[in-house]
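# Observations on the model geometry
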Amino acid sequence: MRLILASASPRRRDLLAQIGVTPDAIFPADIDETPRKGELPRPYAARMAAEKAAAVAGLHPGAVILSGDTVVAAGRRILPKAETEAEARACLSLLSGRRHRVLSAVTLIDADGRARHRMSDNVVIFKRLDRAEIDAYIASDEWRGKAGGYAIQGRAAGFIRSIIGSHSAIMGLPLYETRALLRAASFPCD
Ligand SMILES: Cc1cn([C@H]2C[C@H](O)[C@@H](COP(=O)(O)OP(=O)(O)OP(=O)(O)O)O2)c(=O)[nH]c1=O
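Owing to the predicted nature of the structure, the values given are computational and were not obtained by experimental measurement.

## A few points about the packing of helix H3 (residues 85-95) against helix H4 (residues 131-140)
Packing of H3 against H4 leaves a shortest axis separation of 10 Å and a crossing angle of 140°. In terms of axis orientation, H3 runs oblique to H4. Relative to H4, H3 is oriented so that their crossing is right-handed. Of H4, the residues touching H3 (which contributes Glu 85, Ala 88, Arg 89, Leu 92 and Ser 93) are Arg 131, Ile 134, Asp 135, Tyr 137 and Ile 138. Of the residues assigned to the contact of H3 with H4, the class counts are five nonpolar, one polar and four charged.

This is the structure:
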């Protein structure tokens with residue numbers, strides 16, 4: 001059975017490897033990731049994961065397709081994947097001293113074309129960040145391309161007081177749900 005990881009994220013590949021799964025190929029999906037007007041974080045994450053998988057499945061019939069989407073949410077607000085220093089600074093100022101949610105969706109399309117979906121809903125509590133901490137984090141560049149402008153797998157772990165949920169989900173792929181989906185689709189996964 002051929003497994004395709006529909007993701008450009010090196011984190012997702014590394015996380016899959018952590019449960020002993022190596023995709024046969026990696027094909028990032030080229031989809032429009034703009035949230036719809038008024039779209040809430042959870043349905044948005046689910047829609048993104050589903051659309052990424054569907055886009056790649058259309059090009060590779062008969063393969064098993066796995067995709068994910070990770071969204072950082074402050075209340076009803078979807079935070080961006082930080083691409084500029086200004087965006088990352090705005091995210092960190094917003095998250096400082098607060099709790100926020102990280103929605104991590106995963107979709108798996110099996111060899112017969114049936115799609116299955118799972119969602120992991122997590123809470124992350126940040127310490128209050130002072131100016132010097134934000135400046136140092138911005139200088140690290142670890143925020144680049146990360147939802148909410150931080151990465152739990154790096155130095156931001158030192159800002160996180162606690163999480164309720166799954167570390168792998170916050171990092172980009174909920175491994176418990178992913179393994180369950182792979183097994184449901186009869187993908188060999190021990
Ligand atoms: C919150 C958080 C996010 N991230 C990353 C994971 C994802 O790469 C990114 C969220 O963006 P995504 O849109 O989920 O993924 P992506 O654009 O990187 O890759 P693709 O769409 O092709 O699958 O943020 C971390 O690495 N650590 C974290 O703690």
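Now, onward.
## Some thoughts on the UniProt feature "active site" (unreviewed entry) in the chain
Per the UniProt record, "active site" (unreviewed entry) is annotated on Asp 69. The residue Asp 69 is located in strand E3 (residues 64-74) in this model. On the accessibility criterion, Asp 69 (4% relative accessible area) is buried. When residues no more than four places from it in sequence are discounted, the contact partners of Asp 69 are Arg 12, Glu 33, Ala 45, Met 48, Ala 49, Lys 52, Leu 103, Ser 104 and Ala 105. Here the side chain of Asp 69 touches Lys 52 through a polar contact of 2.8 Å, side chain to side chain.

## A look at the pairing of strand E5 (residues 99-109)
Among the 11 residues of E5, nine are classified as buried, and the element is accordingly described as predominantly covered. The sheet contact formed by E3 and E5 spans nine bridges and is antiparallel. Pairing of Val 72 across the sheet is with Val 102, part of E5. Pairing analysis gives 11 bridges linking E5 to strand E6 (residues 115-126), with the strands arranged antiparallel. Counted as the bridge partner of Arg 101 is Val 123 from E6. Here E5 hands over to E6 after five residues, with Gly 113 in that stretch at a positive phi of 90°.

About the thresholds
- Residues numbered from 1 in each chain as written.
- Predicted model: local features only at pLDDT ≥ 70, side-chain atom pairs only at ≥ 80, totals over all residues.
- Heavy atoms only, no water.
- Axes fitted to C-alpha atoms, helices over the stretch in contact; angles between N-to-C directions.
- Helix = DSSP H or I, 4+ residues; strand = E, 2+ residues; numbered from the N terminus.
- Parallel < 35°, antiparallel > 145°, perpendicular 65-115°, else oblique.
- Left-handed = near helix turned anticlockwise from the far one by under 90°.
- Contact = heavy atoms within 4.5 Å.
- Nonpolar A, V, L, I, M, F, W, Y, C, P; charged D, E, K, R; others polar.
- UniProt positions renumbered as here; feature names shortened; annotations may be inferred.
- Buried < 20%, exposed > 50% of the residue type's maximum accessible area, 1.4 Å probe, protein only.
- Polar contact = N/O pair within 3.5 Å; in protein donor to acceptor, adjacent residues only side chain to side chain.
- Pairing = 2+ DSSP bridges.

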